[in-house]
Amino acid sequence: MYKRQEPLEVAGEGSCSITFRANYRGDTVAMKVYRPEVIERFKKKHGNNIAVYEMSQNRVFRKIPELLPFTAKPLAVMGHDGKCSLMFLQEFINGVKLSELAERNKGIPESVLEAGETIVRDAELNELFELDLDANDILVRKQAGRWLPVLTDFNHVTKKEASSNPLRKFALKTGMRKKSHQDYKHLEQWRALSARSAR
């Protein structure tokens with residue numbers, strides 16, 4: 001594809017991109033290749049290049065000490081179609097999906113649940129919301145004998161939550177609804193999944 005990186009195999013596939021395990025400067029990395037229609041849609045909606053935006057948000061997370069252990073390292077943005085960058089290179093996380101771990105282990109380890117609370121709380125303190133914490137998307141890996149979640153997707157992360165729904169806007173403005181409401185719902189999903197898998 002490009003001389004400096006060599007795709008080896010598909011590591012994952014989502015609605016926005018296909019992720020390859022690839023070689024880059026002698027290291028194994030995750031090479032996220034965005035779907036053309038997603039690049040165009042993101043550009044029209046946000047006025048941004050999705051690859052550049054995702055890398056910048058990834059860097060924001062890495063600058064927060066409490067979130068550093070749970071955040072993949074951003075490496076580079078590459079490729080260009082004359083308008084936008086096409087790929088985002090990132091640290092390759094050798095892990096499994098949280099939903100798969102829950103099924104395999106008959107529950108989610110307490111270390112993962114505690115880390116999830118830390119991630120949402122410290123992201124909220126730094127005004128970062130809309131984290132991709134769905135159990136079918138987020139990866140977990142074992143470090144020093146403990147399972148921990150690792151964030152790899154940052155194209156939905158926002159510094160503030162915008163809404164065209166007037167009732168939702170009012171709820172956010174008055175504090176009736178937290179900006180991180182969706183993130184806490186995902187933590188509830190984790191707990192429910194753990195309880196269901198343990199049955």
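Source: prediction; values computed, not measured. (Residues numbered from 1 in each chain as written. Predicted model: local features only at pLDDT ≥ 70, side-chain atom pairs only at ≥ 80, totals over all residues. Heavy atoms only, no water.)

A. Spatial organisation of the overall build of the protein. What the protein contains, in helices and strands, is 6 helices and 8 strands. Helices and strands in the protein line up, N terminus first, as β-β-β-α-α-β-β-β-α-α-β-β-α-α. When burial is assessed residue by residue, the protein has 45% of its 199 residues classed as buried. Counted over contacts in the protein with a minimum sequence separation of 6, partners at least 24 positions apart contribute 59%. For the protein, the computed accessible surface area is about 11,200 Å², with 49% contributed by carbon and sulfur atoms. (Helix = DSSP H or I, 4+ residues; strand = E, 2+ residues; numbered from the N terminus. Buried < 20%, exposed > 50% of the residue type's maximum accessible area, 1.4 Å probe, protein only. Contact = heavy atoms within 4.5 Å. Areas by Shrake-Rupley, 256 points an atom, 1.4 Å probe, with all protein chains shown as cover.)

B. Quick look at the nonpolar core. In terms of nonpolar packing, the biggest core is built from 29 residues, with F61, L98, I108 and W190 touching the most fellow members. When residues of this core are traced back to their parent elements, those giving at least two are α3 (98-105), α4 (110-125), β8 (146-150) and α6 (181-197). Looking at this core, the element that brings in the most residues is α4, giving 6 residues. Counting 11 residues, the second largest nonpolar core, distinct from the first, contains I50, M55, C84 and F88. (Core = buried A, V, L, I, M, F, W, Y, C linked by side-chain atoms within 4.5 Å.)

C. Focus on the side chain of S17. The residue S17 is located in strand β2 (residues 17-24) in this model. Residue classification places S17 among the buried residues on the basis of a relative accessible area of 10%. Sequence-distant contacts of S17, defined by excluding residues within four places in its chain, comprise K32, V33, Y34 and R35.

D. Quick look at helix α1 (residues 36-46). Residues of α1 that are buried include every one of V38, I39 and F42, and no others. Take α1 and look down its axis: the buried residues cluster within an arc of 105°, on one side only. Among the exposed residues of α1, those oriented more than 90 degrees off its buried face are P36 and K44. Taken from the residues just after α1, G47 is the one with a positive phi, measuring 70°. (Arc of directions from axis to C-beta.)

E. Here's a closer look at the pairing of β2. Note: β2 against strand β3 (residues 27-34), 8 bridges, orientation antiparallel. Bridge pairing in β3 links F20 to M31. Where β2 hands over to β3, the hairpin turn is made up of 2 residues, of which R25 adopts a positive phi near 55°. (Pairing = 2+ DSSP bridges.)

F. The arrangement of the packing of aromatic side chains in detail. Applying the stated criterion across every chain yields a total of 2 aromatic pairs. Judged by centre distance (5.5 Å) and plane angle (50°), the rings of F42 and Y53 are tilted. Taken together, the positions of F42 in helix α1 and Y53 in helix α2 (residues 50-62) put the pair 11 residues apart, joining distant regions of the chain. Relative accessible area serves as the criterion here: at 18%, Y53 is assigned to the buried category. (Phe/Tyr/Trp six-rings, centres within 6.5 Å; stacked < 30°, edge-to-face > 60°.)

G. Local environment of unusual backbone geometry. The phi angle at K106 is positive, at roughly 60°, despite the residue not being glycine. Take K106: it is sitting in the loop between α3 and α4. Phi angles above zero are rare outside glycine, and A144 is one such case at about 50°. Structurally, A144 can be placed in the loop between β7 (139-143) and β8.

Remember, this is a structural readout, not a statement about activity or role.
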